[in-house]
Amino acid sequence: MTEDPISNKKAKTTMAPANPRIIALFDVDGTLTVPRGEITPEMLEFMKTLSTKITVGIVGGSDLPKQEEQLGANVVNLFPYNFSQNGLVAYKDGELQEVQTIAKFLGEENIKRIVNWTMRYLADIDIPVKRGTFIEFRSGMMNISPIGRNCSREERDDYEKVDLERGIRANMVKAMQAEFADLNLTYSIGGQISFDVFPTGWDKTYCLNFLKEGDFDEIHFFGDKTFEGGNDYEIYTSERTIGHTVTSPDDTKEQCTKLFMS
Ligand code: M1P
């Protein structure tokens, strides 16, 4: 057993499932949990049972601490593959494989350009409520939120409605695409109050780099944001995966039961 600096958790060896050559990868928000909520004990039990049948992996857009809040402190040991930030932080059998960083890749001058421009743009947006943490700097992406990540659940739900009506995030993304055209960035509206910004190619397909071509006969992906522009779109449409759109954790359970447990 080894300890790693990111999760401080001990790595453990997982038991092989009945059919290890089929793998199913799961998005978190809207797929295994309600948005930013915790997994229910029933859903967790179901996922554990599923992992005795096939190989299971998690691929979330959020960072590891958020996954730990939602899926449990031991998330990197729950299933054989765990990917946070689209796989920029990757674990296999509880062992850290890689950490990629946006600062290394873009350079500090470009990071400053983005931060300064974003703070000016957000200051000029008029919305009913503004809270704190408007830019969350993660190792592999920047997460930008006009209301701020410190908002309450009620404020988050209200903001989402205003955003959908006024296209606040969609307009900001358009403005950033024009301003930072030289940086080859991808913008992804994956949740309710924010959007992710990362170098092109660092979407959820990034995690497929950790699945060797010959190791699996089928790679399934389950996610709720599989529409164009959603943060599940690229992996859902990837040639390497069989994509499934779900509408809720219950729907995920139902589809998986039909596909893998009968
Ligand atoms: O996993 C989907 C998204 O979840 C959060 O979005 P929001 O807070 O806007 O609902 C963020 O962690 C975001 O990065 C992530 O893509």
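Throughout, residues of each chain are indexed from 1 in the direction in which the sequence is written. Under the rules for a predicted model, residues below a pLDDT of 70 receive no local features and side-chain atom pairs below 80 are neither given nor counted, while totals for whole chains, interfaces and linings still include all residues. Water and hydrogen atoms play no part in the side-chain values, which are based on all heavy atoms of the structure.

For the chain, an unreviewed UniProt entry supplies the name Phosphomannomutase and the organism Discostella pseudostelligera. UniProt positions are given in the numbering used here, feature names are shortened, and annotations may be inferred rather than shown by experiment. What UniProt states about the chain under its Subcellular location (unreviewed entry) heading is, verbatim, "Cytoplasm". UniProt annotates the chain under Catalytic activity (unreviewed entry) with the comment "alpha-D-mannose 1-phosphate = D-mannose 6-phosphate".

(A) Quick peek at the overall build of the chain. Numbering of helices and strands runs from the N terminus, with a helix taken as a DSSP run of H or I at least four residues long and a strand as a DSSP run of E at least two residues long. Counting its secondary structure elements, the chain contains 9 helices and 11 strands. Put simply, the radius of gyration uses C-alpha atoms, and a globule should come to 2.2 Å times the residue count raised to 0.38. Against the compact-globule benchmark of 18 Å for 262 residues, the chain has a radius of gyration of 18 Å, which places it among compact chains. Counting every position in the chain, which comprises 262 residues, the buried fraction comes to 52%. Intrachain contacts of the chain at a sequence separation of at least 6 include 64% that bridge at least 24 residues. Under the scheme applied here, a residue whose accessible area is under 20% of the maximum for its type counts as buried, over 50% as exposed, and between as partly exposed, the area being computed with a 1.4 Å probe on protein chains only. A contact between two residues is defined here by any heavy atoms of the two lying within 4.5 Å.

(B) Here's a closer look at the site of the ligand. Throughout, near means a residue has at least one heavy atom within 4 Å of the molecule or strand. Around the ligand sit 13 residues in total, of which Ser 62, Arg 138, Arg 149, Ser 194 and Asp 196 are the nearest. Think of a polar contact as two N or O atoms within 3.5 Å of one another; within protein, one of them needs to be a possible hydrogen donor and the other a possible acceptor, and neighboring residues in sequence only count if both atoms come from side chains. A distance of 2.7 Å separates an oxygen atom of the ligand from a polar side-chain atom of Arg 138. Taking Asn 231, its side chain carries an N or O atom lying 3.3 Å from an oxygen atom of the ligand. Shrake-Rupley sampling with a 1.4 Å probe provides the accessible areas, and residues are treated as covered by the protein chains on show and by no other component. Within the complex, 98% of the 390 Å² of free accessible area of the ligand lies under protein. Three residue categories are used. Nonpolar comprises Ala, Val, Leu, Ile, Met, Phe, Trp, Tyr, Cys and Pro, charged comprises Asp, Glu, Lys and Arg, and polar comprises the others, including Gly. Class assignment for the residues of the shell around the ligand results in 1 nonpolar, 7 polar and 5 charged.

(C) Inspection of the side chain of Thr 241 at higher detail. Tracing the backbone through its elements, the reader meets Thr 241 in the loop between helix H8 (233-237) and strand S11 (242-245). What makes Thr 241 buried here is its relative accessible area of 11%. Once residues within four sequence positions are removed from consideration, Thr 241 is found in contact with Leu 208, Ile 219, Phe 221, Ile 235 and Tyr 236.

(D) Structural view of the sheet that holds strand S7 (residues 142-144). Here, a strand pair is defined by DSSP locating no fewer than two bridges between the strands. Spatial ordering of the open sheet is given by S6-S7-S9-S8, a layout of 4 strands whose pairing is antiparallel. The sheet terminates laterally at strand S6 (135-137) and strand S8 (185-188), the two strands that pair on one side only. On average, each strand axis in the sheet is tilted by 20° relative to the strand beside it, whichever way the strands run. Looking at chain direction, S6 and S7 are connected through 3 bridges and run antiparallel. Only the stretch in contact is used when fitting a helix axis, every axis being a line fitted to C-alpha atoms; angles between N-to-C directions are given from 0 to 180 degrees.

(E) Region of the structure containing the side chain of Asp 196. Along the chain, the position of Asp 196 falls in strand S9 (residues 195-199). For Asp 196, a relative accessible area of 7% translates into the label buried. Beyond its immediate sequence surroundings of up to four residues, Asp 196 is in contact with Arg 138, Met 141, Met 142, Asn 143, Thr 186, Tyr 187 and Ser 188.

(F) Up close: the UniProt feature "binding site: Mg(2+)" (unreviewed entry) in the chain. According to UniProt, the feature "binding site: Mg(2+)" (unreviewed entry) maps to Asp 27, Asp 29, Asp 224, Tyr 236 and Thr 241 in the numbering used here. On the accessibility criterion, Asp 27 (4% relative accessible area) is buried. In contact with Asp 27, not counting residues within four places along its chain, are Leu 32, Val 59, Lys 204, Phe 221, Phe 222, Gly 223, Asp 224 and Asp 232. Among the polar contacts made by the side chain of Asp 27, one reaches the side chain of Thr 31 at a distance of 2.8 Å. Checked against the element boundaries, Asp 29 lands in the loop between strand S1 (19-26) and helix H1 (41-53). Those residues in contact with Asp 29 that sit more than four places away from it in its chain are Val 34, Pro 35, Arg 36, Gly 37, Ser 62, Gln 70 and Asp 224.

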